[in-house]
Structures are given as C-alpha cells and as structure tokens.
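Here is what each chain is made of, one letter per residue.
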Amino acid sequence: NTCNEPQMEQLEIPSKDGFKLKATLFNPNKEDEKYPFVLITAATGVPAKFYNKFAEWLASRGFRVLTWDFRFVGRSFPPGVDPNDKKQTEECLRQNPNVSIVNDWSVDYEVVLSRAVELKRGRDLVAVGNSLGAHLAAIPKDSLRDVPKRYVMISANNPHLSVTPDAEMLKMAWNEMAPQIISKKGYFDGSSMGLGGNIPTNCFQDWKRWCMSETTDRYIAGEPKFEPRFLSFKHPDVVTVGFDDDTLMTTDFRQMQSFAKTLGTATVHMIKVRVEELGWENGAGHVNAFKSFGEDKKAWLFLEGVLLDGHKWAEGKKGMEVSRVQTYQSKL
C-alpha cells in the first residue's frame, strides 16, 4: 500500500546566529496522519545524504521526513563554499576550528527541532537520532523537547573510557592519533580512523573531553552546560536501539544502557537486536541500519515498526530483547 513517489523539498533553516543549515523535506504523496512526521538527526560527521534513501522510502510509505546537516558537514557550508568541492570544504573547516558541539551543533539541533514542530502539521512527531543525533535529545528547551511523541535512539552509546571495550586503544586514538591528524590537516578527519567524516577541531575536542573525562563518566550528560537538561528530562516514550554487530560497543550492550541511564526520569525501553539471528546479511553496525541495501529492507522494516509502535513492536520477536531501563534519577 505504498503511495509511491515522494516529493523532495530543499530547505534552509537559519540557526540562532543566522548560519543557514541545509535540510531536505520528504513529503508523501497523500496525507495520512497515522504516519508521523519523522526528524532524522545524523551521527557525528555523517552527512544527511547518507539517510536520504531511508527518508525517501519512509515518505513512500506515508511518513513526512526531515533530514538535515549540522554546520560544516554535508551541505551545510557558508555561501560561496561548494559543499561538493573537497578543497573548499577542507579550507573552510581549517578556518573554523572553534565550531563546537557545545556552542554550535546543540543549538543547530534545537533550531531544526523547532522547525520540525512547525512543519509537522497534524501529525505526531517522532525524533530519530543516530549516535550524536540521539545524544542531543535532552538539550533543547522544554517547550520543544516535550513535543515529540517518541524518541528513537539508534546506537546511542556512552563511549566513555570506563565502559568502552578497549580503553587502551581509545586512549591511543584520542591522545596520539587524533591530535596528529588535526595538526596535519587543521580539522578532524574521522574517516581516517573509521569514525564518520570531517568535523571542525572543537567538535572533536568536545567529543574527546567527554570520552576521557576524569570527573564524570556520563559523557555528554556530564557536560556542565547540559547536565541540568539531562537531569530534568522526563519524556514518557524513549526507545533506544542497539545492534550486536556495532563495533563501537560490546555485545552485552553496556554502553547503550550506560547512556540510557543518564536520561533523567524518562521512560526508556531498550531493544537489543541480535543481527545474525535475524538473518540480516548486510548487518546494521553503528550507522548501517539506515543504509540502502537495494531490495534488502529488513533493517528498514524494523525501524519503521519502531517508529510506529515503539518498543512494543519488538516485544516477543525473534532476535530482539526488550527491557525497561532504570535511569539514575528514577532510583532517587
């Protein structure tokens, strides 16, 4: 019962300082409000176009979907910089080392969430975040972060040293390899370490600080500026999903649980997905549940089910284990 060709619309969303963020709105061919409006926020350094095939497919099923790029990623570069010109984008990254997650990307996310709230019309809003895109969920002001009917967090792990599978490797990567890349290039090239794409230097410094912190093991939730937002987060429907072939996580899913515990007094359900048991030949990993594998739509059908029905969709299904997460605050 697909409603075929969705319409794509290119949008510019000005952030609070006027920086124009590039976004794409995927409109279904017919209005059916049982399908929510879906906001997809990317993992660190991953361009929105990586998610666009999935967004287009969702729109063909009846959803309205918005994807977007953080500043200095994908298409979100200042006027005069061709986002498809490697030399130009790299030079732009070198000239803007001070762009950070704390001061810029978190604000960009709030502004885009605000636009999604305007665009959703009569539909429910479901906020989907992949990795960093999920880590930011608690940060916007209450009047915005309370609007989504459901948060779906994909591969939202806590990569802090204390819960990481290989602490020594992480220390070497963050303290030796990454600084070498930055001093050579003038920005962080994640692809050279298998960690997303190019990002401004201070976005990397935030990431590193949260991973290596000796004062808090709560990653972004322990950032002084954000801590009150996490402690006061009380959303009634958060679903966090992890795949056992995610190489950034151990197969006991402890990194995912560790991040979920920081989400205030929210009602959080965790879905642990055993990829091989499900026969997903193409896997899912950290970001590839969103990737297009031609005719193989197994991961996409799973994601669609969770968008529509939350954790209940996965209950009792083979290769999936659903459990309620006891957050730190809910114990108090």
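Look up a bit, the structure's there.
Overview of the structure. Residue positions are counted from 1 within each chain, in the order its sequence is given. Residues qualify for local features only when their pLDDT is at least 70, as the model is predicted, and side-chain atom pairs are given and counted only at 80 or more; totals for whole chains, interfaces and linings, by contrast, use all residues. Based on all heavy atoms of the structure, the side-chain values leave hydrogens and waters out of the count.

Moving on: the overall build of the chain. By definition, any uninterrupted DSSP run of H or I lasting at least four residues is a helix, any uninterrupted run of E lasting at least two residues is a strand, and each is numbered from the N terminus. In terms of helices and strands, the chain carries 10 helices and 11 strands. Over its C-alpha atoms the chain spans a radius of gyration of 19 Å, differing by no more than 12% from the 20 Å that the globule rule assigns to 332 residues. The principal-axis extent of the C-alpha atoms belonging to the chain is close to 55 × 45 × 40 Å. In the chain, which comprises 332 residues, the share counted as buried stands at 57%. Residue contacts follow a heavy-atom distance rule, with two residues in contact if any of their heavy atoms lie within 4.5 Å. Looking at the chain alone, contacts between residues at least 24 apart form 73% of all its contacts between residues at least 6 apart. Only C-alpha atoms enter the radius of gyration, while the globule expectation follows 2.2 Å times N to the 0.38, with N the number of residues. The cut-offs for exposure are 20% and 50% of the maximum accessible area for each residue type, with area from a 1.4 Å probe on protein chains only; residues under the lower value are buried, those over the upper are exposed, and the others partly exposed.

Okay, the environment of Gly-196 next. Within the secondary structure, Gly-196 sits in the loop between β7 (188-189) and β8 (198-199). On a C-alpha basis, the gap between Gly-196 and Gly-45 in space is 5.0 Å, while along the polypeptide they are 151 residues apart. With sequence-adjacent residues up to four places away left out, Gly-196 is seen in contact with Thr-44, Gly-45, Val-46, Gly-190 and Ser-191.

Negative phi values dominate among residues other than glycine, just as trans dominates among peptide bonds. If you check the backbone angles, Ser-131 has positive phi at about 55 degrees while not being a glycine. One can find Ser-131 in the loop between β5 (125-130) and α4 (132-135). The buried category is assigned to Ser-131, whose relative accessible area is 11%. One non-glycine residue, Phe-253, lies in positive phi territory at about 65 degrees.

Before going further, it helps to examine the state of the cysteines. Note that a disulfide, as used here, is simply two cysteine sulfur atoms within 2.5 Å. Within the structure shown, the criterion is met by 0 disulfides. Cys-92 provides the cysteine sulfur closest to Cys-203, a residue in no disulfide bond, and the two sulfurs are 12 Å apart. Cys-203 supplies the cysteine sulfur nearest to Cys-211, a cysteine that is in no disulfide, at a spacing of 14 Å. Residue classification places Cys-211 among the buried residues on the basis of a relative accessible area of 1%.

A few words on the packing of helix α3 (residues 101-119) against helix α7 (residues 201-212). Here α3 crosses α7 at 105 degrees, and the two axes come no closer than 9 Å. Judged by the angle between their axes, α3 and α7 are roughly perpendicular. Two secondary-structure elements touch here, α3 through Ile-101, Val-102 and Trp-105 and α7 through Cys-203, Asp-206, Arg-209 and Trp-210. Throughout, the ten residues Ala, Val, Leu, Ile, Met, Phe, Trp, Tyr, Cys and Pro are labelled nonpolar, Asp, Glu, Lys and Arg are labelled charged, and all others, Gly among them, are labelled polar. Class assignment for the residues of the contact of α3 with α7 results in 5 nonpolar, no polar and 2 charged. Between the N-to-C directions of two axes lies an angle of 0 to 180 degrees, each axis being a line fitted to C-alpha atoms and, for a helix, fitted only over the stretch in contact. We call two directions roughly parallel when the angle between them is under 35 degrees, roughly antiparallel when it is over 145, roughly perpendicular when it lies between 65 and 115, and oblique otherwise.

A few words on helix α1 (residues 49-61). Taking 1.5 Å per residue as the helical rise, α1 with its 13 residues ought to reach 18 Å, and the 19 Å between its terminal C-alpha atoms agrees with that figure. Among all positions in α1, only Tyr-51, Asn-52, Phe-54, Ala-55, Trp-57, Leu-58, Ala-59 and Ser-60 are buried. Buried residues belonging to α1 abut β2 (20-27), β3 (37-41), β4 (64-68), β5 and α10 (298-309). Gly-62 sits one or two residues past α1 and shows a positive phi near 125 degrees. To estimate the expected span of a helix, subtract one from its residue number and multiply by 1.5 Å.

The end-to-end C-alpha distance of helix α6 (residues 167-185), which contains 19 residues, comes to 26 Å, matching closely the 27 Å that a straight helix rising 1.5 Å per residue would cover. The bend reported for a residue corresponds to the angle between axes fitted to the seven residues ending at that residue and the seven starting there. Where α6 bends most, the angle comes to about 35 degrees, and this point is Ala-173. Those residues of α6 that fall on the buried side of the exposure criterion are Leu-170, Ala-173, Trp-174, Ala-178, Ile-181 and Ile-182. In this structure, the buried residues of α6 make contact with β7 and α7. The first or second residue beyond α6 is Gly-186, which carries a positive phi of 90 degrees.

By themselves these figures say nothing about function.
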